[in-house]
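Here are the chains, one letter per residue:
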Amino acid sequence: MTVHFYFARKFVWIFLGIVAVFFILTVLVDMMEQLRRFDVNEVGFAKVVALTLLRTPESIYQLLPLIVILATIALFIALSRSSELVVVRAAGRSGIISVLSPAIMTLIIGVVAITMFNPIVASTSVQYQVQSDALRSNGSNALSFSKEGIWLRQGGNSGHAVIHAARTNADATEFVDLSIITYSDSNGPERRIEAESARLIEDGWELRNAQVWDLNAGISQSADSTFHETLLVGSSLTPDRIRDRFGTPSSVPIWQLPSFIRELNDAGFSARRHTVWLHMELAQPLFLMAMVLVASAFTMRHTRFGNTGLAVLTAVLIGFSLYFVRNFAQILGENGQIPVLLAAWAPPTASVLLALGLLLHMEDG
């Protein structure tokens, strides 16, 4: 157990060191991007730094597989150069047993990442999107779900509107039981519109069987309203913008994803993308463990054998290949080409089995 704890502690410190290096590099690169997107004289340098720090956790979270494979490579190369692996094997421990402690630590890191770091990433990414949208435009658009239906907010230079609909279709183009309350920037509520159904087109909302109340005149009875078989109301929203508001599953904390998926289904949207993402997150620790096994298969050898650089390059390339296959399976799952469970769990499981095969081949021939 002493050797296991030693390997585990060494792996954790190397992992944290690589995370720190990637954090600094990501901050520097992303800050250049923020300085390119925003005028520092207008928004201020402090705001640019704040936006950069809000975006950095998401970038680090996406780089976890690469960080894990680099940490494993650094660990076993260090153990090989110091001949510690030779001593461990001379004591009667096989190479696979030596991989056990880094693999278990990676599983723990993966569980901590999806249970604790995932909500942080979701919160910071949402805050970044909100603040960057506020800096880029005068108005803002928002979307939320509840048991009562769908709530939308659209902004513009002349005012904004709050929109409620009972349900919609998967493309966010057709809405049922739509209510719109328009507000001006100075006079408060202006109009209340209720429509039996609505279609979101390029120019705005095309309402059918709509009743309109003029709130400026204090009119609230249905007898004083005006009826329109077809009414066009301008909007800054588009179906793509509405879908984008809930189309990024990473912006929803994993603890809230199951209820969010139910709300999407109740509202009429397709929740397949979020379902695939949920299972991909749950399978993340298994995939990270596969990265450890792949890296160890090529680096658990003494440096006197040579070709260390080639072994490292091969391990990284295989890791990237597995990562690409995983992302490709995710796309197939989101498009409905393969079942959700197959898209999420097959690549990590196959990666672990492939890595174990490589490790056994490298160790026992």
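Keep in mind it's a predicted model, so treat the numbers as computed, not measured.

Colleague: Give me the lowdown on the overall build of the protein, citing residues and values where you can.
Modeller: A count of helical and extended segments in the protein gives twelve helices and eight strands. The buried share of the protein, taken over its 365 residues, is 42%. Counted over contacts in the protein with a minimum sequence separation of 6, partners at least 24 positions apart contribute 64%. Accessible surface, the protein: about 18400 Å² in total, of which carbon and sulfur atoms supply 61%.

Colleague: Give me the lowdown on the packing of helix H4 (residues 64-81) against helix H10 (residues 284-299), citing residues and values where you can.
Modeller: Where H4 meets H10, the closest approach of the two axes is 8 Å, and the angle between their N-to-C directions is 35 degrees. Crossing handedness for the pair H4 and H10: right-handed. On H10, the residues that touch Leu 64, Pro 65, Val 68, Ile 69, Thr 72, Ile 73, Phe 76, Ile 77 and Ser 80 of H4 are Gln 284, Phe 287, Leu 288, Met 291, Val 292, Ala 295, Ser 296 and Thr 299. Of the residues belonging to the contact of H4 with H10, the class tally is twelve nonpolar, five polar and no charged.

Colleague: Tell me what's going on with the confidence of the model for the protein, and back it up with residues and numbers.
Modeller: This prediction gives the protein a mean pLDDT of 81; 82% of its residues lie at or above 70. For the protein, per-element mean pLDDT is lowest for strand S1 (residues 142-146), which scores 59, and highest for helix H9 (residues 272-282), which scores 90.

Colleague: So what's going on with the pairing of strand S6 (residues 188-200)? Which residues, and what values?
Modeller: Of the strand pairs in this sheet, strand S5 (residues 174-184) and S6 are connected by ten bridges, and their pairing is antiparallel. Paired with Leu 178 across the two strands is Ala 195, which belongs to S6.

Colleague: Can you lay out the environment of Thr 230 for me, pointing to particular residues and giving the numbers?
Modeller: With respect to the helices, strands and loops of the structure, Thr 230 is situated in strand S8 (residues 226-234). Given the relative accessible area of 54%, Thr 230 is considered exposed. Sequence-wise, Thr 230 and Ala 210 are 20 residues apart; in three dimensions their C-alpha atoms are separated by 6.9 Å. When residues no more than four places from it in sequence are discounted, the contact partners of Thr 230 are Glu 206 and Leu 207.

Colleague: Explain the environment of Val 49 to me, and be specific about the residues and the numbers.
Modeller: You can see Val 49 is positioned in helix H3 (residues 45-62). Sequence spacing of Val 49 and Met 31 is 18 residues, and the spatial spacing of their C-alpha atoms is 6.8 Å.

Colleague: An account of the packing of aromatic side chains is needed here, citing residue identities and associated values.
Modeller: Under the definition given, this model contains six aromatic pairs. Relative to Phe 117, the ring of Tyr 61 lies with its centre 5.8 Å away and its plane at 55 degrees, an arrangement referred to as tilted. Here the residue Tyr 61 occupies a position in helix H3, and Phe 117 occupies one in helix H6 (residues 95-136), the gap between them amounting to 56 residues. The exposure class assigned to Phe 117 is partly exposed, which follows from its relative accessible area of 26%. The interplanar angle of 45 degrees and the centroid separation of 6.4 Å between the aromatic rings of Phe 287 and Tyr 323 together place this pair among those described as tilted. Residue Phe 287 is found in helix H10, and its partner Tyr 323 is found in helix H11 (residues 308-334); the two are separated by 36 residues along the sequence. One Lys or Arg, Arg 192, reaches over the ring of Trp 213 and ends 4.5 Å from the middle of that ring. A cation over an aromatic ring shows up here: Arg 326 above the ring of Phe 287, its NZ or CZ 4.8 Å from the ring centre.

Colleague: Any chance you could break down a nonpolar patch on the surface for me, citing the residues and the numbers?
Modeller: On the surface, Leu 100, Ile 104, Ile 108, Val 112 and Met 116 cluster together to form a nonpolar patch covering roughly 450 Å² of accessible area. Looking at the secondary structure, you find Ile 108 in helix H6.

Colleague: Describe the pattern of salt bridges, listing the residues and the values that go with them.
Modeller: Side chains that differ in sign of charge can pair as their charged atoms come close. All told, the structure shown has six salt bridges when counted by the stated rule. A salt bridge links Asp 30 to Arg 55, with the shortest nitrogen-to-oxygen separation between them at 3.4 Å. One end of the pair, Asp 30, is in helix H1 (residues 2-37); the other, Arg 55, is in helix H3, with 25 residues separating them in the sequence. Look at Asp 30 and you get buried, because its relative accessible area is 9%.

Colleague: Talk me through the environment of Tyr 128; I want residue IDs and the actual numbers.
Modeller: Within the fold, Tyr 128 resides in helix H6. Overall, the relative accessible area of 7% leaves Tyr 128 in the buried class. As for Tyr 128 and Arg 55, which are separated by 73 residues in sequence, their C-alpha atoms are 6.3 Å apart. For Tyr 128, the contacting residues outside a window of four places in its chain are Gln 34, Arg 37, Leu 51, Leu 54 and Arg 55.

Colleague: Break down the side chain of Thr 124 for me, with residues and values.
Modeller: Mapped onto the secondary structure, Thr 124 falls in helix H6. Among residues more than four places away in sequence, those in contact with Thr 124 are Leu 54 and Pro 57.

Colleague: Go over H3, please, and point to the residues and values.
Modeller: Under the 1.5 Å per step criterion, the end-to-end length of H3 is 26 Å for 18 residues, consistent within 8% with the ideal 26 Å. The largest bend along H3 measures about 30 degrees and falls at Arg 55, with the proline Pro 57 one to four residues further on. The complete set of buried residues in H3 reads Val 48, Leu 51, Thr 52, Leu 54, Thr 56, Pro 57, Ile 60 and Tyr 61.

Colleague: How would you explain the nonpolar core if you had to name every residue and give the values?
Modeller: Phe 15, Ile 73, Phe 76 and Val 99 are the most contacted members of the largest nonpolar core, which has 55 residues in total. In terms of residues, this core owes the most to one element, H10, which gives eleven residues. Once you skip the residues sitting within four places of it in the chain, Val 99 turns out to touch Phe 76, Val 292, Leu 293, Ser 296, Met 300 and Leu 359. Residues Ile 150, Ala 195, Leu 200 and Val 212 belong to the second largest nonpolar core, which totals 19 residues.

Rules and cut-offs
- Along each chain, the written sequence defines residue order, and numbers are assigned to residues from 1.
- Whole-chain, interface and lining totals are the exception, using all residues; otherwise, since this is a predicted model, local features are given only for residues with pLDDT of at least 70 and side-chain atom pairs are given and counted only at 80 or more.
- The side-chain values count all of the structure's non-hydrogen atoms but skip hydrogen atoms and water molecules.
- Numbering of helices and strands runs from the N terminus; a helix is a DSSP stretch of H or I covering at least four residues, while a strand is a stretch of E covering at least two.
- Buried means the residue's accessible area, taken with a 1.4 Å probe over protein chains only, is under 20% of the maximum for its type, while exposed means over 50%, and partly exposed covers the values in between.
- Throughout, a residue-residue contact means that at least one pair of heavy atoms, one from each residue, lies within 4.5 Å.
- Reported accessibility uses the Shrake-Rupley method at a 1.4 Å probe radius. Residues are deemed covered only where the shown protein chains occlude them.
- Note on geometry: axes are lines fitted to C-alpha atoms, helical ones only across the stretch in contact, with angles between N-to-C directions running from 0 to 180 degrees.
- Should the near helix be turned counterclockwise from the far one by less than a right angle, the crossing is left-handed, whereas a clockwise turn marks it as right-handed.
- Under the scheme applied here, ten amino acids are nonpolar (Ala, Val, Leu, Ile, Met, Phe, Trp, Tyr, Cys and Pro), four are charged (Asp, Glu, Lys and Arg), and all others, including Gly, are polar.
- Residue-level confidence of the predictor is summarised by pLDDT, bounded by 0 at the bottom and 100 at the top.
- Should DSSP find at least two bridges between two strands, the strands are taken to pair.
- Working definition: rings of Phe, Tyr and Trp (its six-membered ring) pair if their centres are within 6.5 Å, and the pair is stacked with planes under 30 degrees apart, edge-to-face with planes over 60 apart, and tilted otherwise.
- Cation placement over rings: the criterion is NZ of Lys or CZ of Arg within 6 Å of the ring centroid and within 35° of the ring normal.
- Any residue with relative accessible area above 30% and no salt bridge may belong to a patch, with like charges joined within 9 Å and the nonpolar Val, Leu, Ile, Met, Phe, Trp and Tyr side chains within 5 Å.
- Each reported salt bridge corresponds to a side-chain nitrogen of Lys or Arg within 4 Å of a carboxyl oxygen of Asp or Glu.
- One fewer than the residue count of a helix, multiplied by 1.5 Å, yields its expected span.
- Bend, at a single residue, is the angle you get between axes fitted to the 7 residues ending at that residue and the 7 residues starting at it.
- To qualify as a nonpolar core, a set must consist of buried Ala, Val, Leu, Ile, Met, Phe, Trp, Tyr and Cys residues joined through side-chain atoms within 4.5 Å.

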